[in-house]
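These are the residues of each chain, in order.
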Amino acid sequence: GMDKTYQEYLQALGKKKYITRMEYLQAYLRHDVEMLFYKVENKLYDKFSDIYTYSYYTSNYNLLQTLGIPGTMLELDEEDIKNAVNGKYANTSFKLSLAGNKTKLISEIETSIPQGFARGFNVNKLNDIVNIKTANSRNRNVALTRTETDYLCNKANLDQYKEFGVEKYQYLATLDMRTSDMCRDMDGYIGLVSQASQGVNFPPLHVNCRSTTIPYIENLQNFGDRVAKTAKGKTFTVSRRMTQEQYIKK
């Protein structure tokens, strides 16, 4: 069940009559990296399945309440969950992005260690270099996992819109000072559910995106409040009609 590229790497290594100490060290480190990413991918599949399932039923309940439709909860099957978790958006998927992060980390380690030896670094210095590389990889993977979580939550909303025949949706960006320019521009955007595409006009639009959507209903467009945060992070409520420009000014 391991990555095919790694299997080919081991086969090529195994055909050699002799390997250097450097090749041995690199193979040892690569094994640890491959095993780590293999475990992460398999563990996160179950977590992402739970996230999509929870979001799907929550969105189902909220839509029934909002639209005032009498009905029963829709039931998910395993195939629906599998398709959601393995789905692609913005021409990529979690597995492909995770594989890209793994390849980048392996490349960084395989380059930095020989360079360190060539420059005469001791074990402590080499350890510091590897720690920096792995920390950078961790940050990339944390961002990837957050983005995938947002993707699944928003996919659950989109699937529900289609299930209930909701025609339009409204884009909602977070009202705080960390929101990207891209999402600020999209805030309040009203689009057709039939033309919604995650990564294009439906969240997530970028890494670490925190935006969401709501069903757009003509006679309820000015009803209710939305949550915002002060520059210091304190939460308060504002009019649902408040734009990003009005929020920044306030």
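A. The overall build of the protein, seen in detail. What the protein contains, in helices and strands, is 7 helices and 5 strands. Ordered by position from N to C terminus, the α and β elements of the protein give α-α-α-α-α-β-α-β-β-β-β-α. For a compact globule of 250 residues, the expected C-alpha radius of gyration is about 18 Å, and the protein comes in at 23 Å, more than 25% above that figure. Overall, the protein is about 75 × 45 × 25 Å in size when its C-alpha atoms are taken along their principal axes. Buried positions account for 36% of the 250 residues belonging to the protein. Look at the contacts in the protein between residues 6 or more apart in sequence, and 69% of them connect residues 24 or more apart. Of the roughly 15400 Å² that the protein leaves accessible, carbon and sulfur atoms contribute 52%. In the protein, 34 side chains carry a positive charge and 28 a negative one; their mean positions are 8 Å apart.

B. Highlighting the environment of Ser137. One can find Ser137 in helix α5 (residues 123-164). For the pair Ser137 and Lys17, spaced 120 residues apart in sequence, the C-alpha separation works out to 33 Å. Not counting the four nearest positions on each side in its chain, Ser137 is found in contact with Phe37, Asn101 and Leu105.

C. Summary view of the pattern of salt bridges. Scanning the entire structure with this criterion turns up 9 salt bridges. Two residues, Asp187 and Arg226, come together in a salt bridge whose shortest N-O distance is 3.2 Å. Residue Asp187 is located in the loop between α6 (181-186) and β2 (190-192), and its partner Arg226 is located in strand β4 (residues 225-229); the two are separated by 39 residues in the primary sequence. Among the residues examined, Asp187 registers a relative accessible area of 15% and is labelled buried.

D. View of the sheet that holds strand β1 (residues 168-172). Sheet architecture is open: 3 strands sit in the order β2-β1-β3, paired in antiparallel fashion. In this open sheet, the two strands that pair with only one neighbour each are β2 and β3 (212-215). Ignoring which end each strand starts from, the neighbouring axes of this sheet average 35 degrees apart. Of the strand pairs in this sheet, β1 and β3 are connected by 4 bridges, and their pairing is antiparallel.

E. Quick peek at the confidence of the model for the protein. When pLDDT is averaged across the protein, the result is 87; 98% of the residues are at 70 or more. Within the protein, β2 carries the highest mean pLDDT (96), whereas helix α7 (residues 244-249) carries the lowest (84).

Criteria and cut-off values
Residues numbered from 1 in each chain as written. Predicted model: local features only at pLDDT ≥ 70, side-chain atom pairs only at ≥ 80, totals over all residues. Heavy atoms only, no water. Helix = DSSP H or I, 4+ residues; strand = E, 2+ residues; numbered from the N terminus. Rg over C-alpha atoms; globule rule 2.2 N^0.38 Å. Buried < 20%, exposed > 50% of the residue type's maximum accessible area, 1.4 Å probe, protein only. Contact = heavy atoms within 4.5 Å. Areas by Shrake-Rupley, 256 points an atom, 1.4 Å probe, with all protein chains shown as cover. Lys, Arg positive; Asp, Glu negative; His and termini not counted. Charge placed at Lys NZ, Arg CZ, Asp CG, Glu CD. Salt bridge = Lys/Arg side-chain N within 4 Å of Asp/Glu carboxyl O. Pairing = 2+ DSSP bridges. Axes fitted to C-alpha atoms, helices over the stretch in contact; angles between N-to-C directions. pLDDT = per-residue confidence, 0-100.

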